[in-house]
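Structural characterization, general
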Amino acid sequence: MRRSLVMATAALLAAAGSVVSMASSAGAAVACAAPWSATQVYVGGNNASQSGHNYRAKWWTQNESPSSHSGQWDVWADEGVCDGGTTPPTDPPTDPPTDPPTDPPPSSTLPKHALIGYLHASFANGSGYLRMSDVPADWDIINLAFGEPTTPTSGDIRFTLCPAAECPGVETEAQFIAAIRAKRTAGKKVLLSIGGQNGQVQLTTTAARDKFVQTVGGIIDKYGLDGVDVDFEGHSLSLNTGDTDFKNPTSPVIVNLISALRSLKTRYGAGFVLTMAPETFFVQLGYQYYGSGPWGGQDPRAGSYLPVIYAMRNDLTVLHVQDYNSGPIMGLDNQYHNMGGADFHIAMTDMLLAGFPVAGNAANQFPALREDQIAFGAPSSVSAGNGYVGPAGVQQAVTCLVRGQNCGGYAPRSGTNPSFRGLMTWSINWDKYYSWEFRTNHEPFLNALP
């Protein structure tokens, strides 16, 4: 966001990617491999034993105990009991599910249809500064833009209020924290949005992953926040060559992000709110292209959010893809759709509500998310991003998705979606600058939906 990159979709249409399977645990004892060493470097395929079990490394690792890092998304795969020991691992792994269960989300004060917006808390961006205490009560989720890393690969996330020289009238930190507390008392959710256009985050190592968890947790605790919004853009996420199965990713930046988000969820429990704001290039483009493809040559970032969304689907509160700053994207009707009208919002959102085959492979289906997990993002004004759609067009799209009415030329494959979560916009500040067009039109409209 901020001034997001416009990404082209030119690439060769790849054939279906091959599936990388994970070995299941051995059923009978075999000879133990060499004992695991904390100082040794292991690469994918290397074996080691610990506590009477053999383990196989999935990718590069050092000083990560196999018995503690052998879950579905961890670095070690448990190969089963071996001769020379009988102590089982503390948490025996399970085979990867075909599709994770889609249990209802934890209890939440979010309304059935929510209004979600980004607050420029750390910069002005030409729209002017808006104090947290002055954010209207209509906004149900407020994403603080942005937490950014000290360097792209450090994992060290920092967040500071906009300096007074850039944002005259900025409140004190104590006032900011008090205003957040008041919003949460009123039932609103306040999140740290991590990344944005300028905040490239690449968790290439486990050290960066752990630093990410530590520093993000510190910010959540300091300001009293409800959770995080993942707004990784640019070159933050990409798929290594050969990483073709979104259900079992192997690229470190993907695996480490999933692990970090799981750690934060575990730390904060059922009340942790997790939202994501990917661009269409990283999600819906995966219908045609996934990573560099089986022969290489494609953009390795194509569809790279899919494994993160899939892995976190039971903990994901809302996914609101940015339906702006986008090139043409093919929908489920196999037609290209262009931003700037209701049609783009309908086609892009329907893909998430219906599910779709990844890279054209019918055997590699990205499953539909729940209706209550899906919103879509739209610029609040002509200054906020390319692809602005006026209130009538946005509401036409929502009416189509919720009620199946006024859909124009696109017939949603997902049918009607009465629990569709709502609308996200970039940004609250720009909405105020343009006399609250987005808020005053869409909040009453959402409230009137069944």
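Scroll up a little and you will see the structure.
The following refers to the structure shown. For clarity, every value in this text was computed on a predicted model and none was experimentally measured. Starting afresh in each chain, residues are numbered from 1 along the sequence in its written order. Only residues with pLDDT of 70 or above have their local features reported here, since the model is predicted, and side-chain atom pairs are shown and tallied only from 80 upward, although totals for entire chains, interfaces and linings are computed over all residues. With hydrogens and water set aside, each side-chain value is computed from the structure's full complement of heavy atoms.

Here we look at the overall build of the protein
Assigned secondary structure in the protein consists of eight helices and 17 strands. Burial classes follow relative accessibility: with a 1.4 Å probe on protein chains only, a residue under 20% of its type's maximum area counts as buried, one over 50% as exposed, and anything between as partly exposed. Going through the 450 residues of the protein one by one, you find that 58% of them count as buried. Working rule for contacts: check all heavy atoms of both residues, and any pair within 4.5 Å makes them a contact. The contacts of the protein with a sequence gap of at least 6 include a subset with a gap of at least 24, amounting to 73%. What sets the accessible areas is the Shrake-Rupley method with a 1.4 Å probe; for residues, cover comes only from the shown protein chains. When the accessible area of the protein is evaluated, it comes to approximately 16600 Å², of which 52% is carbon and sulfur surface. Put simply, DSSP marks the helices as runs of H or I at least four residues long and the strands as runs of E at least two long, and each gets a number from the N terminus on.

Quick word on the sheet that holds strand β3 (residues 53–57)
Taken in spatial order, the four strands of this open sheet run β1-β4-β3-β2, and their pairing is mixed. Of all strands in the sheet, those bounded by a partner on one side alone are β1 (30–31) and β2 (47–50). Note on pairing: two strands pair once DSSP finds at least 2 bridges between them. With four bridges connecting them, β2 and β3 associate as antiparallel partners. Paired with A48 across the two strands is Y55, which belongs to β3.

A look at the nonpolar core
Grouped together as the largest cluster of nonpolar side chains are 104 residues, with contacts concentrated most on M132, L144, F212 and M276. Here the element with the most residues in this core is helix α5 (residues 342–354); it accounts for eight residues. Not counting residues up to four positions away in its chain, the partners in contact with L144 are L119, A121, M132, F159, F176, I180, V190, L191, L192, S193 and L225. Membership of the second largest hydrophobic core comes to 18 residues, among which are A145, V273, A277 and W426. Each nonpolar core is a collection of buried residues, namely Ala, Val, Leu, Ile, Met, Phe, Trp, Tyr and Cys, held together in the definition by side-chain atoms within 4.5 Å.

Concerning the pattern of salt bridges
Salt bridge, as applied in this entry: a Lys or Arg side-chain nitrogen positioned within 4 Å of an Asp or Glu carboxyl oxygen. Across all of its chains, the model carries 10 salt bridges by this definition. The shortest N-O distance in the salt bridge between D140 and K188 comes to 3.4 Å. Here D140, found in the loop between β5 (114–120) and β6 (141–149), pairs with K188, found in the loop between α1 (173–185) and β8 (189–196); they are 48 residues apart in sequence, far enough to count as distant. We note a salt bridge from D221 to R267, for which the minimum N-O separation is 2.7 Å. Of this pair, D221 sits in helix α2 (residues 206–223) while R267 is found in helix α3 (residues 252–268), placing the two residues 46 residues apart along the sequence. Since its relative accessible area comes to 43%, D221 is described here as partly exposed.

Some thoughts on the packing of α2 against α3
Close contact between α2 and α3 brings their axes to 9 Å; oriented N to C, the two are set at 35 degrees. Here α2 and α3 pass one another in a crossing that is right-handed. Here T206, R209, F212, V213, V216, G217, I220 and D221 of α2 come into contact with α3, specifically with N256, S259, A260, S263, L264, R267 and Y268. In this classification, Asp, Glu, Lys and Arg are treated as charged, Ala, Val, Leu, Ile, Met, Phe, Trp, Tyr, Cys and Pro as nonpolar, and every other residue, Gly included, as polar. Residue composition of the contact of α2 with α3, by class: seven nonpolar, five polar and three charged. Each axis is a line fitted through C-alpha atoms, taken for helices only over the stretch in contact, and angles between the N-to-C directions span 0 to 180 degrees. With the far helix as reference, a near helix turned anticlockwise by less than a right angle produces a left-handed crossing, and one turned clockwise produces a right-handed crossing.

Brief notes about the side chain of N417
With respect to the helices and strands, N417 occurs in the loop between α6 (391–403) and β17 (422–426). On the accessibility criterion, N417 (3% relative accessible area) is buried. As used in this structure description, the phrase polar contact means that two N or O atoms lie within 3.5 Å; if the pair is within protein, one of them must be able to donate a hydrogen and the other to accept it, and residues adjacent in sequence are counted only when both atoms belong to side chains. Within polar-contact distance, the side chain of N417 engages the side chain of S414 at 3.2 Å. One polar contact links the side chain of N417 to the main-chain carbonyl oxygen of G415, over a distance of 3.2 Å. Each residue touching N417, except ones within four places of it in the same chain, is listed here: L353, E371, L401 and V402.

In short, the description is geometric, and any link to function would need to be established separately.
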